[in-house]
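# Observations on the three-dimensional arrangement
The chain contents come next:
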Amino acid sequence: MDDNGTLWLPEGASTIAGEVDALFYFIYWVSVIMFIGVIGTMGYFMVAYRRRSEADRPTPIKENKLVEASWIVIPTILVLIVFTWGFKSFIKLSVAPPNSYEITVRAQKWAWVFEYPDGVISNELHVPVSRPVKLRMSSGDVLHSFFVPEFRVKHDIVPNRYTSVWFEATRQDTFQVMCTEYCGTRHSYMLALVVVQSQDEFNRWLQESRISEDASPAERGALLYQQQACNGCHSLDGTAVAAPSFQGLFGTERTFEDGATATADENYLRESILQSSAKIVEGYPDIMAAQRYEDRLTSEEIDALVAFIKEQ
Ligand code: CUA
């Protein structure tokens, strides 16, 4: 990933990175010079004008036009430079080029879902190199924030509206998407990979990821497992994160918060998707109802998910 980064920032990998870094370092060095100037002068004054005797009284200074003018003019110029420069970059970052490739992003506790124009759905963000990509982002629950440090883009994802970011990746590599808005228990695990590929490799990946028309219910369920962000909480390898793993779940005896038990059959799975609060497995929080899957899934989709979970 980043080898040539600095203490502050990893090596840039988008067309906007150079501009963002230049402004960052301008503000950084101005701050360093100001800090040394102010603290240095203060230190010098402390020594030079220290009180030497009881009778030592400084002569009051009435005014010094040059000093007064400089502390007004210099900061004003600096602030105007930072504003103009920052505003220009902000506009550039806000408005995606009209020929951008658009990808839909859904953020949900605690997974990223990327949906491509031709229907491919993935938890990894694959993008072609040297082509502007616009992300149209929405949240299924709370505030999240999309951040790829190497691209120098970060944007909040807010419930009930679309927000967007755009970037043009400059080298083929793999980077990390982070969620930078605290969104609950597994916020720090809300990660995804960005895979920057050549246009050919990207097209091949899209081709391979497309689900065929005659997919079995379990195959469609596997896709829904990603698409509906089930994987944000339910693992397939037995690790219990915010919710029980799907591994070996079907047919087992479940114990609930109130001490009751039931066998995980088809009806149990269906109920757990539609009315997840009805039976809360012992030791887990009652968090799934907030996602309102009963409003989001069709009965076919529920069948597909049940078929998928049975196979785990
Ligand atoms: Cu999503 Cu933090």
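The structure presented is a predicted model; accordingly, all values stated were derived computationally and were not measured.

## A short note on the pattern of salt bridges
Counted according to the given criterion, the structure contains ten salt bridges. Across the salt bridge formed by Asp 21 and Arg 152, the nearest N and O atoms sit 2.6 Å from each other. Linking Asp 21 in helix H1 (residues 17–48) with Arg 152 in the loop between strand S6 (144–148) and strand S7 (153–157), this pair joins segments that are 131 residues apart in sequence. Judged on exposure class, the residue Asp 21 and its partner Arg 152 are both buried. For Arg 171, the salt bridge goes to Asp 173, with nearest N and O atoms at 3.1 Å.

## A closer look at the side chain of Gln 291
Here Gln 291 is to be found in the loop between helix H5 (266–274) and helix H6 (293–296). Look past the residues within four positions of Gln 291 in its chain and what remains in contact with it is Gln 108, Lys 109, Gly 140, Asp 141 and Arg 296.

## Things to note about the domain arrangement of the chain
Along its sequence, the chain is organised into domain 1 (17–52 + 61–94), domain 2 (101–209) and domain 3 (217–310). Contacts between the two partners involve six residues from domain 1, matched on the other side by four residues from domain 2. At the boundary of domain 1 with domain 2, total buried surface from both sides reaches about 420 Å², with 50% on carbon and sulfur atoms. Connecting domain 1 to domain 2 are one salt bridge. Connecting domain 1 to domain 2 are three residue pairs in polar contact (both at pLDDT 80 or more). Elements supplying a minimum of two residues to the side of domain 1 that touches domain 2: H1 and helix H2 (65–94). Residue composition of the side of domain 1 that touches domain 2, grouped by class: three nonpolar, one polar and two charged.

## Section: the packing of H1 against H2
Remark: H1 packs on H2, axes separated minimally by 10 Å, with the N-to-C direction vectors making an angle of 160 degrees. Taken together, the axis directions place H1 and H2 in an arrangement best described as roughly antiparallel. Here the hand of the crossing between H1 and H2 comes out left-handed. Of the residues in H2, those in contact with Glu 19, Val 20, Ala 22, Leu 23, Phe 26, Ile 27, Val 30 and Met 34 of H1 are Leu 78, Ile 81, Val 82, Trp 85, Gly 86, Ser 89, Lys 92 and Leu 93. Tallied by class, the residues present in the contact of H1 with H2 amount to twelve nonpolar, two polar and two charged.

## Some points on the packing of aromatic side chains
Tallied over the full model, the rule gives 19 aromatic pairs. Between Tyr 28 and Trp 29 the ring centres are 5.0 Å apart and the planes differ by 85 degrees, which places this aromatic pair in the edge-to-face class. One cation-aromatic arrangement involves Arg 136 over Tyr 162; the distance from NZ or CZ to the ring centre is 5.7 Å. Sitting above the plane of the Tyr 189 ring, Arg 186 keeps its charged end 4.2 Å from the centroid.

## What about empty space enclosed by the protein?
Applying the stated criterion to the full structure yields one cavity of 30 Å³ or more. Here the largest cavity defines a volume of roughly 560 Å³. Lining the largest cavity are 31 residues, with His 234, Ala 243, Ser 272, Ser 276 and Met 288 sitting closest to its centre. When contributions to the lining of the largest cavity are tallied by element, the ones reaching two or more residues are H5 and helix H7 (299–310). At four residues, the largest contribution of residues to the lining of the largest cavity is made by H5. By residue class, the composition of the lining of the largest cavity is 22 nonpolar, five polar and four charged.

## Digging into the sheet that holds strand S3 (residues 121–122)
What the five strands build is an open sheet, ordered S3-S2-S1-S5-S8; its pairing is mixed. Of all strands in the sheet, those with a lone pairing partner are S3 and strand S8 (163–168), marking the two edges. Two strands pair when backbone bridges link them, and strand S1 (residues 101–108) and strand S5 (residues 132–139) are joined in this way by seven bridges, in the parallel orientation. Bridging across to S5, Ala 107 finds its partner in Ser 139.

Criteria and thresholds
- Residues numbered from 1 in each chain as written.
- Predicted model: local features only at pLDDT ≥ 70, side-chain atom pairs only at ≥ 80, totals over all residues.
- Heavy atoms only, no water.
- Salt bridge = Lys/Arg side-chain N within 4 Å of Asp/Glu carboxyl O.
- Helix = DSSP H or I, 4+ residues; strand = E, 2+ residues; numbered from the N terminus.
- Buried < 20%, exposed > 50% of the residue type's maximum accessible area, 1.4 Å probe, protein only.
- Contact = heavy atoms within 4.5 Å.
- Domains from an automatic or database assignment.
- Buried area = accessible area lost by both parts, 1.4 Å probe.
- Polar contact = N/O pair within 3.5 Å; in protein donor to acceptor, adjacent residues only side chain to side chain.
- Nonpolar A, V, L, I, M, F, W, Y, C, P; charged D, E, K, R; others polar.
- Axes fitted to C-alpha atoms, helices over the stretch in contact; angles between N-to-C directions.
- Parallel < 35°, antiparallel > 145°, perpendicular 65-115°, else oblique.
- Left-handed = near helix turned anticlockwise from the far one by under 90°.
- Phe/Tyr/Trp six-rings, centres within 6.5 Å; stacked < 30°, edge-to-face > 60°.
- Lys NZ or Arg CZ within 6 Å of the ring centre and 35° of its normal.
- 1 Å grid on protein atoms, 1.4 Å probe; cavity = no way out; pocket = protein on both sides within 12 Å on 5 of 7 lines; lining within 4 Å.
- Points joined across faces, edges and corners; volume = space filled by probe spheres on them.
- Pairing = 2+ DSSP bridges.

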